[in-house]
Amino acid sequence: MFFYSYLFYRHPEVRDMFAPAMTRQRERLLGALGEVVANVDKIDQLVPYLEDLGRDHRKFGTLSAHYPAVGEALLTTLRQFSGAAWTPKLEADWATAYSIVASTMSGAAERSAELEPPYWDAEVIDVDRRTFDIAVLRLRTEAPVPYRAGQSVAVQSMSRRPREWRFYTPASAPGETEFELHARLIPGGPVSTALVLATAVGDILRLGPPVGRMTLEPDSDVPVLMIAGGTGLAPMKAMVQELARTGERRTHLFFGARSTREVYDEHALNDLAARHRWLTVETVVSDDERWQGRQGLVGDVAIASGDWSSHDAYVCGAPAMVEATVKRLQAHGVPERRIRFDEFGES
Ligand SMILES: Cc1cc2nc3c(=O)[nH]c(=O)nc-3n(C[C@H](O)[C@H](O)[C@H](O)COP(=O)(O)OP(=O)(O)OC[C@H]3O[C@@H](n4cnc5c(N)ncnc54)[C@H](O)[C@@H]3O)c2cc1C
Ligand code: HEM
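Residues numbered from 1 in each chain as written. Chains lettered and ligands numbered in written order. Predicted model: local features only at pLDDT ≥ 70, side-chain atom pairs only at ≥ 80, totals over all residues. Heavy atoms only, no water.

Considerations on the coordination of the iron atom of ligand 2
(1) Moving on: With respect to protein ligation, the iron atom of ligand 2 binds only H57 (NE2), at 2.1 Å.
(2) Moving on: With respect to the helices and strands, the residue H57 is situated in helix α3 (residues 43-57). (Donors = N, O, S within 2.8 Å, 3.2 Å for Na, K, Ca; no water. Helix = DSSP H or I, 4+ residues; strand = E, 2+ residues; numbered from the N terminus.)

Next comes the structure, spelled out in structure tokens:
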């Protein structure tokens with residue numbers, strides 16, 4: 001709270017970039033900021049993340065000139081709350097660390113400003129509420145958003161949740177001006193509730209630059225294993241459609257849901273499997289005996305269904321499912337370098 005009060009008091013010009021309400025998201029931002037700066041000694045590992053973060057900050061309207069203001073607010077906050085532990089040496093170290101992080105972020109943002117806009121506005125052209133808590137939204141942009149299949153973009157509903165951004169993952173092959181997002185309602189969650197329950201045709205969604213590294217290996221020709229839970233299906237669907245265009249590789253897609261009701265995209269999956277002989281799709285349901293197909297946890301069922309040690313493996317869904325599945329894949333001989341994953345936890 002102190003951090004933001006100080007920042008907005010000293011630099012009122014940045015206030016409008018931030019969402020109106022103080023949310024837990026906001027508290028986590030300060031935590032993340034401190035964490036990143038404190039880990040500056042691991043800069044080599046941090047660089048790709050910070051470059052993404054810097055490019056991504058363009059969507060807020062953040063310019064290089066704004067970084068000193070946030071640095072000053074961060075250091076003032078640390079000084080305020082560290083008491084006697086805060087020494088001039090510590091302050092100098094934090095200032096150096098902050099300036100390294102800030103210059104990595106702002107450098108990447110400036111380079112990307114020469115190549116692409118800070119955001120894309122997309123019109124909602126269809127809202128298909130598949131269940132009471134899952135909607136498939138079809139969007140149209142003027143120019144294609146340059147995401148790679150499997151990447152995500154931050155989304156802001158301009159009319160319904162201004163300045164609140166959450167990540168969603170296009171479920172269509174890239175390069176087109178029309179594509180799908182799959183949104184699942186998280187109870188009490190502002191953006192997912194707006195997207196699933198309130199979004200209407202004609203709404204404008206603002207999209208940030210693509211982020212994420214769960215993408216197809218361009219040089220790989222080994223078969224592919226995909227394991228998806230819930231709307232974690234979205235990146236898999238984008239990658240399957242990308243494979244259909246760029247080179248067909250034997251692909252097994254396992255889609256997991258808790259109940260029959262949550263099997264929300266069966267028609268499209270069956271259609272893809274019917275059109276592509278190299279693709280096998282299995283739907284697995286964990287908590288519903290009415291389901292006629294395979295029962296169990298999708299990760300367990302997938303792993304028990306074959307020897308995947310020579311596959312590229314992709315895993316996406318809730319954090320607990322992803323963590324458990326990745327561990328089990330490794331235990332079953334899939335090398336770490338061949339496993340890519342994304343967690344649909346908090347944005
Ligand atoms: C890279 C990435 C890609 C994503 N892609 C998609 C996507 O394609 N489709 C999609 O539906 N979602 C996706 N998500 C999740 C999405 O970004 C939001 O986090 C989610 O929709 C909740 O937003 P909210 O504003 O409604 O709730 P928040 O304000 O973000 O959260 C409200 C409360 O719910 C909790 N919460 C948040 N997310 C979850 C969760 N997944 N499960 C249980 N509790 C949760 C929070 O801790 C908080 O207490 C993705 C997340 C990431 C990081
Ligand atoms: C070293 C510097 C910085 C770091 C490490 C950092 C880090 C982060 C992180 C991790 C998030 C959450 C993820 C996201 O929403 O994309 C975030 C959000 C945000 N950042 Fe930064 N940031 C930095 C500098 C800045 C600056 C200079 C500004 C502009 C004044 C800014 C404005 C925002 C805004 C508006 C949000 C959205 C959150 C909200 O609305 O509350 N950040 N930042």
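Let's talk about helix α6 (residues 190-198)
(1) Moving on: Listed in full, the buried residues belonging to α6 are V191, S192, A194, L195 and V196.
(2) Moving on: Buried residues along α6 sit against β1 (120-131), β2 (134-141), β4 (166-168), β5 (178-184) and β6 (204-207). (Buried < 20%, exposed > 50% of the residue type's maximum accessible area, 1.4 Å probe, protein only. Contact = heavy atoms within 4.5 Å.)

Examining the nonpolar core
Most often, soluble globular proteins have nonpolar side chains that are buried together.
(1) Moving on: Ranked by internal contacts, the top residues of the largest apolar core, which has 27 residues, are M226, L233, M236, M239, L253, F255 and Y314.
(2) Moving on: Contributing elements (two or more residues each) for this core: β2, β7 (224-229), α7 (233-246), β8 (251-257), α8 (266-275), β9 (279-285) and β11 (312-317).
(3) Moving on: Here this core gets six residues from one element, more than from any other, and that element is α7.
(4) Moving on: If near-sequence neighbours (up to four positions away) are discounted, M239 is found in contact with A149, G150, M214, T215, L216, M226 and Y314.
(5) Moving on: Counting 26 residues, the second largest nonpolar core, distinct from the first, contains V14, F18, L33 and V37. (Core = buried A, V, L, I, M, F, W, Y, C linked by side-chain atoms within 4.5 Å.)

Observations concerning the sheet that holds strand β12 (residues 339-343)
(1) Moving on: Read from one edge of the open sheet, six strands run β10-β9-β8-β7-β11-β12, paired in parallel fashion. Among the strands making up the open sheet, the edge pair consists of β10 (294-295) and β12.
(2) Moving on: Strands β8 and β9 of the sheet are contacted by α8, whose axis makes an angle of about 155° with β9.
(3) Moving on: The sheet contacts of helix α10 (residues 319-331) involve β7, β11 and β12, and relative to β11 the element is tilted by about 160°. (Pairing = 2+ DSSP bridges. Axes fitted to C-alpha atoms, helices over the stretch in contact; angles between N-to-C directions.)

Observations concerning the site of ligand 2
(1) Moving on: Neighbouring ligand 2 are 21 residues, the closest being R26, L29, D56, H57 and F60.
(2) Moving on: At 3.4 Å from an oxygen atom of ligand 2 is found a main-chain nitrogen or oxygen belonging to A19.
(3) Moving on: In this structure, H57 approaches ligand 2 through a side-chain N or O atom, which is 2.9 Å from a nitrogen atom.
(4) Moving on: Grouping the amino acids of the shell around ligand 2 by side-chain chemistry returns 15 nonpolar, three polar and three charged. (Near = heavy atom within 4 Å. Polar contact = N/O pair within 3.5 Å; in protein donor to acceptor, adjacent residues only side chain to side chain. Nonpolar A, V, L, I, M, F, W, Y, C, P; charged D, E, K, R; others polar.)

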